[in-house]
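So you can see what is in the structure, the chains are spelled out below.
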Amino acid sequence: MDVRIDCYPTHEYAGYKFCRGRSLPFGATILPDGVNFSIYSSSATSCSIVLFRRAEAEPLVEIPFPDEFRIGNVYCMTIFDLDLEEIEYGYRFDGPWDPAAGHRFDRSKIVCDPYARAISGRDQWGQPPDWSISYPYRSRAVLNDFDWEGDSPLEHAFDDLVIYEMHVRGFTAHPSSGVSAPGTFAAIREKIPYLKELGVNCVELLPIFEFDEWDNTHRNPETGATLLNYWGYSTLGFFAPKAGYAAAGTSGMQLEELKALIKALHAEGIEVILDVVFNHTAEGDHRGPTISFRGIDNRAFYLLSPEGYYHNFSGCGNSVNCNHPVVRDLIIDCLRYWVSECHIDGFRFDLASVLSRDQNGVPLANPPLLESISHDSVLSKCKLIAEAWDAAGLYQVGSFPNYGRWAEWNGKYRDCIRRFLRGDAGQVRHVAQCISGSPELYSRRGPAASVNFITSHDGFTLMDLFSYNEKHNEANGENNLDGSNDNYSCNFGQEGPASDPQLQALRLRMVKNALCILMLSRGVPMILMGDELGRTQSGNNNAYCQDNPLSWMDWSCLETHYELFRFTAAMIKFRAAHRVLRANFHYRGCDWTGSGKPDIGFHGVKMFAPDFSETSRSLAFLICGAHMPTREPDIYVAMNMHWDTLAFEVPPCAPCERWKVIVNTSMPSPEDFLEPQHAAPLQGNQIIVGGRSIMVLVACESEFKSGSSEHVSKN
Amino acid sequence: MNVQSTKRKDVVVVSLKGRIDTTAAARLRKEAASIVGVAERIVVDLSEVSYLSSAGMRLLLLLYRYFLANSARCVLMGISDELVRLMSHTGFLGFFKVVNTKEEALQLLS
């Protein structure tokens, strides 16, 4: 018996029964007895749907949409009695080939549904494809009745986050990971205890939308091996999780596996942010393949020059026409899908400045897409993070259209802290800004608008930052011309790995210094996967095509670099314990609670005398815990990026308190980080901070009821 | 797919064989009540299942919950290693009580 009174076959074609469908929602929607297919094209002259049996080269059937099945510019049809698990589908459009007018219809191509919830064709990572297949990336309809058992996005306060930027495959692909299915969503689930121990409460996944890892054309110059597109900033479909990232991808169950991962991460208090790439697609420029958008409505989906060529604001051949009303809807539908169906907690928008350009490519002050995202009902609590620049010179760090919602990758923080760390002069004044959450950039938006990072997937790893002066990208097959030249890195005397224990120790110390500053800064810290284990990419600062141990996380480093892991976890815990470090308001530099101290006071080797001069390489500061409602202990930090030892005068703490040295990066483990109960009270009012080292002191309640002699001398 | 149901004392063993895909799942859904009849303890034997699709996995969970809702206790038995992995990766395994042998099943159900 039917379930609905309006859903029964009215037409038949080659044995397939169907009726006019519903125009909304777009994509393939599963109904009790059939599947509703709906797709938009403003300029096509006709459309047909092509059905395949799974993985077979020849189609089962191609059903033209009868004229009366078009509503507006939407073609819709409900087909009955399809075995969802065995069916793949695509569309064939007819329309003008007139590039100057923006049209590039190609009747010979079958195109993928932009709303496809799954795309098959690259079901297993790295499996060499059958290049003879004419329709390689195929849309699939999938069941969405995952049982979340009460889970929902976590909605952590933004200022409480510690983000861990992770590559799904790279996290566990290394044989040392010891997981059941290396390189997959399921494997991350197995490693949740590790993330818990590290203390991060958010993972940001590099692109997980379906892409073709085989779309890279470069070869390793030494071995001749094909280099895969490992990062995947090359989207085939915005609604489809990458099958090759799922152990169950060959069973078509990548969506379930991803959801199971998100649910498990949420159960442990870890949010999931997706790195989303809306600025361009995998179709490249006019020489690129017709996969989907180009063959459906080229003029709507892409930014085109007056001659009909592709604007290239992304550096990847094309630019999505993000502020076209139809594309805007697609992007909003997509984000809503990931939040409502998959419980994603936030998004990091790759080259987000492209999203602020109008249909001619001109930056807008009030871009409709960004406004819509910012005020969207479903997206109202999710994190929005912009990579606030694009590849055509638009640089909006501090000025990205934000509607009070958006945070930014703070590229200025990255560059400033790097330069300070390596000992550049003239940075100290900017460092004070960075520590404070960059008020000069985000005065109205608060520190949580600043995602602070020193390393990301794009560039050197943290250990490489202190091991290489220059990038070493020869293995990428582009004659070392790819990747950034402005790394603000320093090898401290020898390019690459060092056998000298002193140099090794210095580099380790520099890594600790970096992590220490990151965790002490207001704003939202982001750590790059593996930096807590001293991960190296042998100087490669653009490992987008290195699907091998060069970029994979080596889990044996948990033993060899346990000291660094311990330090990182301890610093994350320290940040979590001291809310004053992550409060979502900027320091004012004055006393506004009557505590007798400013909320942050800067000092130098002499107290109250910070050296902001052009030759300065050191800075100390005292953070007043009494400026928090919870009345936290004061924290004093002395950062010495001078090569030589400096003595810092430490401001006195309250009579009932004693300073304890918690962090000293010049000390070996475990004295690089001591819990307060294991730390001895400071004697005197001076600390000796080693060259290129940081010390962190916390005012702890004195064990003596009345002030001891040392105490008196301090006051 | 082939379904066999045997009752010994108050334990019903439902043996599924072959491929559990969309078609099989649809059939099982319709026949669930009649396959089991009235039982308090149910063992679903999957040792001869060669293929379990996404729809098949969903049906297993629906069956399992149907049994529980009808006051029966239920376990899955004899799932191949490959299927255990697939069910684990996709998050389904955690919903079920799973055993390897009939003895374990009876012990768990008693």
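For the structure itself, look to the data block above.
Asker: Looking at this structure, I do not really get the overall build of chain A. What am I missing?
Answerer: Broken down by element type, chain A carries 15 helices and 28 strands. Computed over C-alpha atoms, the radius of gyration of chain A comes to 28 Å, within 12% of the 27 Å expected from 2.2 N^0.38 for 715 residues, which places it in the range of a compact globule. With respect to the three principal axes, the spread of C-alpha positions in chain A is 95 × 55 × 50 Å. Counting the 715 residues in chain A, one finds 61% classified as buried. Here chain A has roughly 26,100 Å² of accessible surface; of this, 50% comes from carbon and sulfur atoms. Each charge class in chain A can be summarised by its mean position, and for the 62 positive and 89 negative side chains these summaries are 5 Å apart.

Asker: Hey, could you run me through the overall build of chain B in this one?
Answerer: Along its length, chain B carries four helices and five strands. For chain B, the α and β elements follow one another from N to C terminus as β-β-α-β-α-β-α-β-α. What you see for chain B is a C-alpha radius of gyration of 13 Å, in line with the 13 Å of a compact globule of 110 residues. Burial status across chain B gives 50% buried among its 110 residues. Summarising the internal contacts of chain B: among those between residues at least 6 apart in sequence, 68% fall at separations of at least 24. Entry remark: accessible area of chain B is about 5,600 Å², with carbon and sulfur atoms responsible for 50%. Placing the 15 positive and 10 negative side-chain charges of chain B at their respective mean positions leaves the two points 6 Å apart.

Asker: Mind showing me how you'd approach the nonpolar core here?
Answerer: Across soluble globular proteins, you tend to see nonpolar side chains buried next to one another. If you look at the biggest cluster of nonpolar residues, it comprises 204 residues, and the most contacted ones within it are Tyr164(A), Phe347(A) and Phe349(A). The element best represented in this core is helix 12 (residues 501–520) of chain A, accounting for twelve residues. Phe349(A) has contacts with Val276(A), Phe278(A), Leu335(A), Leu355(A), Ile373(A), Leu384(A), Ile385(A), Ala386(A), Glu387(A) and Trp406(A), leaving out every residue within four places of it along the chain. Met253(A), Ile20(B), Cys74(B) and Phe95(B) belong to the second-largest nonpolar core, a separate cluster that totals 37 residues.

Asker: What should I look at first to understand the side chain of Ser41(A) in this one?
Answerer: Residues and elements named next belong to chain A. Within the element layout of this structure, Ser41 appears in the loop between strand 4 (34–40) and strand 5 (46–53). At a separation of 3.3 Å, a polar atom in the side chain of Ser41 contacts the main-chain amide nitrogen of Ala44. Beyond its immediate chain neighbours, meaning those up to four positions away, Ser41 contacts Asn73, Tyr75, Phe93, Phe105, Ile296 and Asp297.

Asker: I'm lost on the pattern of salt bridges in this one. Help?
Answerer: Close approach of charged atoms allows side chains with opposite charge to pair. On inspection of all chains with the given rule, the structure shows 37 salt bridges over all chains. Between Glu256(A) and Arg58(B) there is a salt bridge, and its shortest N-O distance comes to 2.7 Å. Placement of the pair is Glu256(A) in helix 4 (residues 254–267) and Arg58(B) in helix 2 (residues 54–69), with the two residues belonging to separate chains. Note on accessibility: Glu256(A) and Arg58(B) belong to one class, buried. Salt-bridge contacts for Glu408(A) lead to Arg445(A); the nearest nitrogen and oxygen are separated by 3.1 Å.

Asker: What is the right way to read the sheet that holds strand 4 (residues 73–77) of chain B from this model?
Answerer: One key point about sheets: their strands pair by backbone hydrogen bonds, in either a parallel or an antiparallel sense. Residue and element names in this part refer to chain B. The sheet built from five strands is open, its strands ordered 1-2-3-4-5 with mixed pairing. Each edge of the sheet is formed by a strand with only one pairing partner; in this case those strands are strand 1 (2–8) and strand 5 (98–99). Sheet analysis places strand 2 (residues 11–20) next to strand 3 (residues 41–52), joined by nine bridges and oriented parallel. Looking at the pairing, Val12 lines up with Ile42 of strand 3. Against the sheet, helix 4 (residues 102–109) contacts strand 1, strand 2, strand 3, strand 4 and strand 5, and its axis sits at roughly 160° relative to strand 4.

Asker: Is there a simple way to think about the packing of helix 6 (residues 325–340) of chain A against helix 7 (residues 368–375) of chain A in this case?
Answerer: Helix-helix packing is characterised by the crossing angle of the two axes and by the distance between the axes. Residue and element names in this part refer to chain A. Running from amino to carboxyl end, helix 6 crosses helix 7 at an angle of 25°, the nearest separation of the two axes being 10 Å. With respect to helix 7, the axis of helix 6 lies roughly parallel. The hand of the helix 6/helix 7 crossing is right-handed. For the pair helix 6 and helix 7, the contacting residues are Arg328, Ile331, Ile332 and Leu335 in the first and Pro368, Leu369, Ser372 and Ile373 in the second. Looking at side-chain class alone, the contact of helix 6 with helix 7 contains six nonpolar, one polar and one charged residues.

Asker: Even after reading the chapter, I still don't get the interface of chain A and chain B, so can you show me in this structure?
Answerer: Bring the parts together and some accessible area is lost; that lost area is often taken as the interface size. Between chain A and chain B, the residue contacts involve 21 residues of the former and 17 residues of the latter. Interface area for chain A against chain B, summed over the two sides, is near 1,400 Å², with a carbon-plus-sulfur share of 51%. For the chain A face of the interface with chain B, the top three residues by lost area are Glu85(A), Asp147(A) and Met253(A), together amounting to 35%. Where chain A packs against chain B, one counts twelve residue pairs in polar contact (both at pLDDT 80 or more). Where the side of chain A that touches chain B is concerned, the elements lending two or more residues are helix 2 (185–190) and helix 4 of chain A. Sort the elements by how many residues they give to the side of chain A that touches chain B and helix 4 of chain A lands first, with four residues. Partitioned by chemical class, the residues of the side of chain A that touches chain B number eight nonpolar, three polar and ten charged.

Asker: Help me understand unusual backbone geometry in this model?
Answerer: Where the residue is not glycine, phi is negative for most of them; where a peptide bond is considered, it is trans in most cases. Residues and elements named next belong to chain A. A cis amide bond, omega -5°, links Leu24 with the succeeding residue Pro25. Summarising the element assignment, Pro25 is placed in the loop between strand 2 (16–20) and strand 3 (27–30). Ser669 connects to Pro670 through a cis peptide bond whose omega is 5°. Along the chain, Pro670 turns up in the loop between strand 26 (657–664) and strand 27 (686–689). Even without glycine at this site, Ser438 takes up a positive phi of about 55°. Residue classification places Ser438 among the buried residues on the basis of a relative accessible area of 4%.

Asker: Where do I start with the pairing of strand 26 of chain A in this structure?
Answerer: Walk down a regular strand and you will see the side chains alternate between the two sheet faces. All names here are of chain A. Among the eight residues in strand 26, eight count as buried, and that is most of the element. Relative to strand 28 (residues 693–701), strand 26 runs antiparallel, the two being bridged by seven bridges. In the sheet register, Arg658 faces strand 28, and the bridge partner there is Cys700.

Asker: Help me understand the packing of helix 1 (residues 22–36) of chain B against helix 2 of chain B in this model?
Answerer: Residues and elements named next belong to chain B. Where helix 1 meets helix 2, the closest approach of the two axes is 9 Å, and the angle between their N-to-C directions is 15°. Taken together, the axis directions place helix 1 and helix 2 in an arrangement best described as roughly parallel. The way helix 1 lies across helix 2 gives a crossing that is right-handed. Contacts between helix 1 and helix 2 involve Thr22, Ala25, Leu28, Arg29, Ala32, Ala33 and Val36 on the former and, on the latter, Ala55, Gly56, Leu59, Leu62, Leu63, Tyr66 and Phe67. Here the contact of helix 1 with helix 2 is composed, by residue class, of eleven nonpolar, two polar and one charged.

Asker: Looking at this model, I keep getting lost on the packing of aromatic side chains. Mind explaining?
Answerer: Two numbers describe a pair of aromatic rings. These are the distance of the centres and the angle of the planes. All names here are of chain A. What the rule picks out here adds up to 48 aromatic pairs over all chains. Centre to centre, the rings of Phe37 and Tyr89 are 4.9 Å apart; their planes meet at 65°, and the pair counts as edge-to-face. Here the residue Phe37 occupies a position in strand 4, and Tyr89 occupies one in strand 9 (residues 87–94), the gap between them amounting to 52 residues. Of the two residues, Phe37 and Tyr89, both sit in the buried class. The positively charged end of Arg138 is found above the aromatic ring belonging to Phe52, 4.0 Å away from the centroid. Between the NZ or CZ atom of Arg357 and the centre of the ring of Phe313, over which it lies, the distance is 3.8 Å.

Asker: Looking at this structure, I do not really get helix 9 (residues 428–435) of chain A. What am I missing?
Answerer: Side chains that are three or four residues apart share a direction in an α-helix, a result of its 3.6 residues per turn. Residues and elements named next belong to chain A. Here helix 9 has its buried residues at Val428, Val431, Ala432, Cys434 and Ile435. Within helix 9, the buried residues cover an arc of 160° as seen down the axis, which keeps them to one side. Considering only its buried residues, helix 9 is in contact with helix 8 (411–421), helix 12, strand 22 (600–603), strand 23 (618–623) and strand 24 (635–640). Remark: Gly437 follows helix 9 within two positions and exhibits a positive phi of approximately 90°.

Conventions and cut-offs
- Per-chain numbering applies: the sequence of each chain, read as written, is numbered from 1 onward.
- Here the convention is simple: chains get letters from A, ligands get numbers from 1, in the order in which they are written.
- In keeping with the model being predicted, local features are shown solely for residues with a pLDDT of at least 70 and side-chain atom pairs are shown and tallied solely at 80 or more, while totals for entire chains, interfaces and linings include all residues.
- Here the side-chain values reflect all heavy atoms present in the structure, with hydrogen atoms and water set aside.
- In this text, helices come from DSSP runs of H or I with a minimum length of four residues, and strands from runs of E with a minimum of two, each type numbered from the N-terminal end.
- C-alpha atoms define the radius of gyration in this analysis, and the globule rule sets the expected value at 2.2 Å times the number of residues to the power 0.38.
- For each residue, the accessible area found with a 1.4 Å probe, counting protein chains only, is set against the maximum for its type, and the residue is called buried under 20%, exposed over 50%, and partly exposed in between.
- The Shrake-Rupley method, run with a 1.4 Å probe sphere, supplies the accessible areas, and residue values consider only the shown protein chains as cover.
- We treat Lys and Arg as the positive residues and Asp and Glu as the negative residues; His and chain ends play no part in the count.
- Where a charge lies is defined by one atom per residue type: Lys uses NZ, Arg uses CZ, Asp uses CG and Glu uses CD.
- Here a residue-residue contact requires only that any non-hydrogen atoms of the pair lie within 4.5 Å.
- As used here, the term nonpolar core means buried Ala, Val, Leu, Ile, Met, Phe, Trp, Tyr and Cys residues forming a set that is joined through side-chain atoms within 4.5 Å.
- Nitrogen and oxygen atoms within 3.5 Å of one another constitute a polar contact, given that in protein one can donate a hydrogen and the other can accept it, and given that sequence-neighbouring residues count only through two side-chain atoms.
- Here, a salt bridge means any side-chain nitrogen of Lys or Arg that lies within 4 Å of a carboxyl oxygen of Asp or Glu.
- For two strands to be treated as a pair, DSSP must find at least two bridges joining them.
- Fitted lines through C-alpha atoms serve as axes, helices being fitted only where they are in contact, and the angles separating the N-to-C directions of these axes extend from 0 to 180 degrees.
- Under this scheme an angle from 65 to 115 degrees is roughly perpendicular, one under 35 degrees roughly parallel, and one over 145 degrees roughly antiparallel; angles in between are oblique.
- Note on convention: near helix rotated counterclockwise from far helix by under a right angle means a left-handed crossing. Clockwise means right-handed.
- Note on residue classes: Ala, Val, Leu, Ile, Met, Phe, Trp, Tyr, Cys and Pro are nonpolar, Asp, Glu, Lys and Arg are charged, and everything else, Gly too, is polar.
- Here the quantity called buried area is the total loss of accessible area, with a 1.4 Å probe, experienced by two parts when brought into contact, counted for both.
- Side-chain rings of Phe, Tyr and Trp, where Trp is taken by its six-membered ring, are said to pair if the distance between their centres is within 6.5 Å; with planes under 30 degrees apart they count as stacked, over 60 as edge-to-face, and otherwise as tilted.
- The criterion is that NZ of a Lys, or CZ of an Arg, lies within 6 Å of the ring centre and within 35 degrees of the ring normal, and then a charge sits over that ring.
- Along the arc lie the directions from the helix axis toward the C-beta atoms.

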